[in-house]
Amino acid sequence: MYKISLFAMLLILPRVLTDVTFKVEGGSKIGIVGRTGAGKSTIATAFFRLVEPCAGRILIDGIDISTIGLRDLRQGLTIIPQDPTLFQRSLRFNLDPFEEHTDKEIFEALRRVHLIDSPTSSGLVQGENINVFHNLETPISEGGNNLSQGQRQLLCLARALLRLPRVIFMDESTASIDNETDYHVQRTIRKNFQNSTILTIAHRLRSICDYDKILVLDAGKVIEYDSPYALMSNDETVFSDMCRKSGEFETLLAMAKAAHVHNSLVDDTT
């Protein structure tokens, strides 16, 4: 009797997302912002079908993802969360669990995310500490507790580099790492995932101010969806207000304007 009552209560809970409609061009970089509880993370869980929509559809390349097997769907998607999932196995297993890549490819991925200086480097020492990432058999403790937060983040990024997925979600993935590591993460993303579609749930606004578009959510609804420069050029937008309250509006505006000019020049030559 108790279980039936609980189920009935769950049925009347309000929807997290309501009438959310937006289109993302292939290869675009989309920043997602909004207050806590606005529905940002729910978008990511919906794409991975961790929750099933009670109405509406999610289409990827015109295909309704509800018609795709979960294994096939998730093999084409990657999420880089704020707290990456690592296994109590070797470094190699955490990077390449299905043994699909050579050592050279793995080391190259580690180099691109700046965990090692060179894929063929014989120097194993960084300062006074041994660089454990030169040994693919290095054991990783449960949850990656023998690595720093920044190292776990970059390791997860290296894993994504090996897969080169078509769609990547970053769920406030740089919220807990230092500015220098965040700089490396963002530079690596822009350089190595040019052909991937990226949706970033942003904590640091400077991480997304040069993206193609910003999706602003509030109470489960889309209230703004445009380029960062267009939104910041309008003092009445929510995103412009967020940037002003960050205390670095001029820097963010300069980044957005530079990206806008670059994209305009690219469009003119294509």
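Quick look at the structure, then. Owing to the predicted nature of the structure, the values given are computational and were not obtained by experimental measurement.

1. Focus on the packing of aromatic side chains
So, step 1. Following the criterion strictly, the structure yields four aromatic pairs and no others.
So, step 2. Ring centres of phenylalanine 47 and phenylalanine 169 lie 4.9 Å apart, and the angle between their planes is 55°; this geometry places the pair in the tilted category. With phenylalanine 47 in helix α2 (residues 40-47) and phenylalanine 169 in strand β7 (residues 167-171), this pair connects stretches of sequence that are 122 residues apart. For the pair shown, phenylalanine 47 and phenylalanine 169 are each scored as buried.
So, step 3. Through successive ring pairs, a cluster of aromatic residues spans Phe47, Phe48 and Phe169.
So, step 4. Its end group placed over the ring of phenylalanine 93, arginine 89 keeps NZ or CZ at 4.0 Å from the ring centre.
So, step 5. Directly above the ring of phenylalanine 249 sits arginine 244, whose terminal nitrogen or CZ lies 4.0 Å from the centroid.

2. Examining the sheet that holds strand β10 (residues 221-226)
So, step 1. Taken together, the six strands give an open sheet; going across it, the order is β4-β7-β8-β1-β9-β10, and neighbouring strands pair in mixed fashion. The sheet terminates laterally at β4 (77-81) and β10, the two strands that pair on one side only. Averaged over all pairs of adjacent strands, the angle between their axes in this sheet comes to 20°, without regard to strand direction.
So, step 2. In the sheet, β7 pairs with strand β8 (residues 197-201) via five bridges, with the strands oriented parallel.

Cut-offs applied
Residues numbered from 1 in each chain as written. Predicted model: local features only at pLDDT ≥ 70, side-chain atom pairs only at ≥ 80, totals over all residues. Heavy atoms only, no water. Phe/Tyr/Trp six-rings, centres within 6.5 Å; stacked < 30°, edge-to-face > 60°. Helix = DSSP H or I, 4+ residues; strand = E, 2+ residues; numbered from the N terminus. Buried < 20%, exposed > 50% of the residue type's maximum accessible area, 1.4 Å probe, protein only. Lys NZ or Arg CZ within 6 Å of the ring centre and 35° of its normal. Pairing = 2+ DSSP bridges. Axes fitted to C-alpha atoms, helices over the stretch in contact; angles between N-to-C directions.

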